[in-house]
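Report on the structure
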Amino acid sequence: MEAILNLILRFGFISRKQFRALLDEPIQTYGELMDALKGREWISPRDLQELEPLLESLQAISEGPPESRDPSMQEIHATAARVARSDSNVLILGESGVGKSRLARWIHTHSLRHKGPFVVVSCGSIPEALLESELFGVEKGAYTGASRSREGRFQKAGGGTLFLDEIGELPLNLQVKLLRAIQEKKVEPLGSGREVYVNVRLIAATNRDLEEDVKQRRFREDLYFRLNVVPIRLPPLRERTEDIPELVRHFLGRAANEGLPWKIIEPDALDLLQQHDWPGNVRELENMMQRLAALYSEEVIDAEIISTELNDGRGQGDQTVTQTSGLADAVDAHMKNYFSAHDGALP
């Protein structure tokens, strides 16, 4: 956040004294920064009005995909930019870790609904018994334990975007209800007996072959066609290795913005990264860059370090590392692998 504050200082929106005051506050997100600025007497409504779109653009850049040299990815980015300005349903396809959720958020950020909420539903991680109430809401007393009425994700996403991640894991009985919600733009909270109008834009994503699931009757054909208005298929990282140097710089830059030391990757080390098959795709590469920034004292990362990282990650530990959700988990997995190589003793 210090880099962003430096930028708005350079643009003249704040003074050095105000910069230091904001720097002392626990501001982590663009929204928190905007809220902090709104509470200051020394910034005018006109400056706030000019600053808000600037911060939104910076947020979109930080969350969005870096520039790609791969022609297929360039076409994907162009398609995403075109579809962002419409309200069409989007189905993002690709292996785990290719960046489906990041692309979904980028589309929302650049859409006409960008001021509305971006609500995520992970269809594969919510227990089936709870998924219906999570999606459509629940009325008080609808089942044992329902002590109060609660809005579903459809209602919470009103005016914005509902992102249905892992849509291929949605049970068949809920596929029917989802289809009805899409067609009629209405949902019926569990136990209510009444319909509620919803105004959302739908983006779905999956790593499954939905066409095959339709053939095997695991996924409804009518729902598939409703979701598959604009399909975007993200290629695995092994098919676009020319993007790895730019992705490496992007992830190391993000780590540096979060306060970790800046690292430089030697050309020979980059060659090794480009030769790796990356079963965990972009997520695996991002986790590795976080580990390099957090765990290594060397400013310049050479081929030996990269070789060690790749070899350490190729056995049973690789899946642990590639499926982690953040730096803490990545560091924990790295240290477990590191010490297990020395039979639990200090190396």
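Residues numbered from 1 in each chain as written. Predicted model: local features only at pLDDT ≥ 70, side-chain atom pairs only at ≥ 80, totals over all residues. Heavy atoms only, no water.

Secondary structure assignment for the chain yields 17 helices and nine strands. Working note: accessible area of the chain is about 18,100 Å², and carbon and sulfur atoms make up 48% of it. (Helix = DSSP H or I, 4+ residues; strand = E, 2+ residues; numbered from the N terminus. Areas by Shrake-Rupley, 256 points an atom, 1.4 Å probe, with all protein chains shown as cover.)

Turning to helix H15 (residues 303-312), a few remarks are in order. One full turn of an α-helix is made of 3.6 residues, so residues set three or four places apart face in the same direction. Among all positions of H15, only Ile 305, Ile 306, Glu 309 and Leu 310 are buried. Taken end-on, H15 shows its buried residues confined to a sector of 130 degrees, consistent with a single buried face. Between the side-chain oxygen at the start of H15 and the backbone nitrogen of Glu 304 there is a gap of 3.2 Å, and the oxygen is on Asp 302. (Buried < 20%, exposed > 50% of the residue type's maximum accessible area, 1.4 Å probe, protein only. Arc of directions from axis to C-beta. Polar contact = N/O pair within 3.5 Å; in protein donor to acceptor, adjacent residues only side chain to side chain.)

The subject of this paragraph is the pairing of strand E3 (residues 161-165). When you tally the buried positions in E3, you get five out of five residues, the bulk of the element. Across the two faces of E3 the burial is the same, with Thr 161, Phe 163 and Asp 165 and Leu 162 and Leu 164 all buried. Summarising the sheet, strand E2 (residues 118-122) and E3 pair through five bridges and their orientation is parallel. Bridge assignment links Ser 122 to a residue of E3, and that residue is Asp 165. In this structure, E3 lies alongside strand E6 (residues 201-206), joined through four bridges in parallel fashion. (Pairing = 2+ DSSP bridges.)

Spatially, five strands are ordered E2-E3-E6-E1-E7 in an open sheet, and the strand pairing comes out parallel. The sheet terminates laterally at E2 and strand E7 (230-233), the two strands that pair on one side only. For this sheet, the mean angle separating the axes of adjacent strands, direction not counted, is 20 degrees. Where strand E1 (residues 90-93) lies against E6, four bridges are found, and the strand directions are parallel. Paired with Ile 92 across the two strands is Ala 205, which belongs to E6. (Axes fitted to C-alpha atoms, helices over the stretch in contact; angles between N-to-C directions.)

Glancing now at the packing of helix H5 (residues 71-84) against helix H6 (residues 100-109). Orientation of H5 relative to H6, taken along the N-to-C sense of each, is 40 degrees, at an axis distance of 8 Å. Considering the angle they form, H5 stands oblique to H6. As H5 packs across H6, the resulting crossing turns out to be right-handed. Across from Ile 76, His 77, Ala 80, Ala 81, Val 83 and Ala 84 in H5, the residues of H6 making contact are Leu 103, Trp 106 and Ile 107. Looking at side-chain class alone, the contact of H5 with H6 contains eight nonpolar, one polar and no charged residues. (Parallel < 35°, antiparallel > 145°, perpendicular 65-115°, else oblique. Left-handed = near helix turned anticlockwise from the far one by under 90°. Contact = heavy atoms within 4.5 Å. Nonpolar A, V, L, I, M, F, W, Y, C, P; charged D, E, K, R; others polar.)

Our next topic: the side chain of Asn 89. Position of Asn 89 among the secondary structure elements: in the loop between H5 and E1. Residues within four places of Asn 89 in sequence aside, it is in contact with Ile 182, Leu 202, Arg 226, Leu 227, Val 229 and Val 230.

The subject of this paragraph is the packing of helix H14 (residues 281-295) against H15. Packing of H14 against H15 brings their axes to within 12 Å, and their N-to-C directions diverge by 125 degrees. On the basis of the axis angle, H14 is oblique to H15. Viewed along their axes, H14 and H15 form a crossing whose handedness is right-handed. The residues of H15 that touch H14, namely those facing Met 288, Arg 291 and Leu 292, are Ile 305, Ile 306, Glu 309 and Leu 310.

Further remarks concern the confidence of the model for the chain. Across the chain, pLDDT averages 83, with 79% of residues at or above 70. Note on residues 314-325: pLDDT under 50 across the span, and 19 contacts to partners over four residues away in sequence or across chains. (pLDDT = per-residue confidence, 0-100.)

In this section: the pattern of salt bridges. With the rule as written, the count across this model stands at 19 salt bridges. Arg 180 is the partner of Glu 195 in a salt bridge, and the nearest nitrogen-oxygen pair spans 2.2 Å. Pair noted here: Glu 195 is in the loop between strand E4 (186-187) and strand E5 (196-197) and Arg 180 is in helix H9 (residues 172-184), with a separation of 15 residues, a long-range link. The class of Arg 180 is partly exposed, set by a relative accessible area of 31%. Its salt-bridge partner being Arg 249, residue Glu 246 comes within 3.2 Å of it at the nearest N-O pair. Remark: Arg 249 and Glu 246 occur in helix H12 (residues 244-257); sequence separation between them is three residues, near one turn of the helix. Accessibility expressed as a relative area gives 42% for Arg 249, which makes it partly exposed. Sharing partners across several salt bridges, the network here consists of Glu 169, Arg 208, Asp 213 and Arg 218. (Salt bridge = Lys/Arg side-chain N within 4 Å of Asp/Glu carboxyl O.)

Before going further, it helps to spend a moment on the nonpolar core. Nonpolar side chains in soluble globular proteins tend to be buried together. Membership of the largest hydrophobic core comes to 32 residues, with the highest contact counts inside it found for Phe 154, Leu 162, Leu 164 and Ile 167. The set of elements that each furnish at least two residues to this core consists of E1, E2, helix H7 (128-136), E3, H9, E6, helix H10 (210-215) and helix H11 (221-227). Per-element tally for this core: the top contributor is H9, with five residues. Dropping the residues within four chain positions of it, Leu 164 is found in contact with Val 121, Cys 123, Leu 135, Leu 178, Leu 202, Ile 203, Ala 204 and Ala 205. (Core = buried A, V, L, I, M, F, W, Y, C linked by side-chain atoms within 4.5 Å.)

Taken as a whole and assessed by the stated rule, the structure comprises three aromatic pairs. Seen from their ring centres, Phe 136 and Phe 154 are 5.7 Å apart, and the 20 degrees between their planes marks the pair as stacked. Residue Phe 136 is located in helix H7, and its partner Phe 154 is located in helix H8 (residues 153-156); the two are separated by 18 residues in the primary sequence. Comparing Phe 136 with Phe 154 shows no difference in burial state: the two are buried. (Phe/Tyr/Trp six-rings, centres within 6.5 Å; stacked < 30°, edge-to-face > 60°.)

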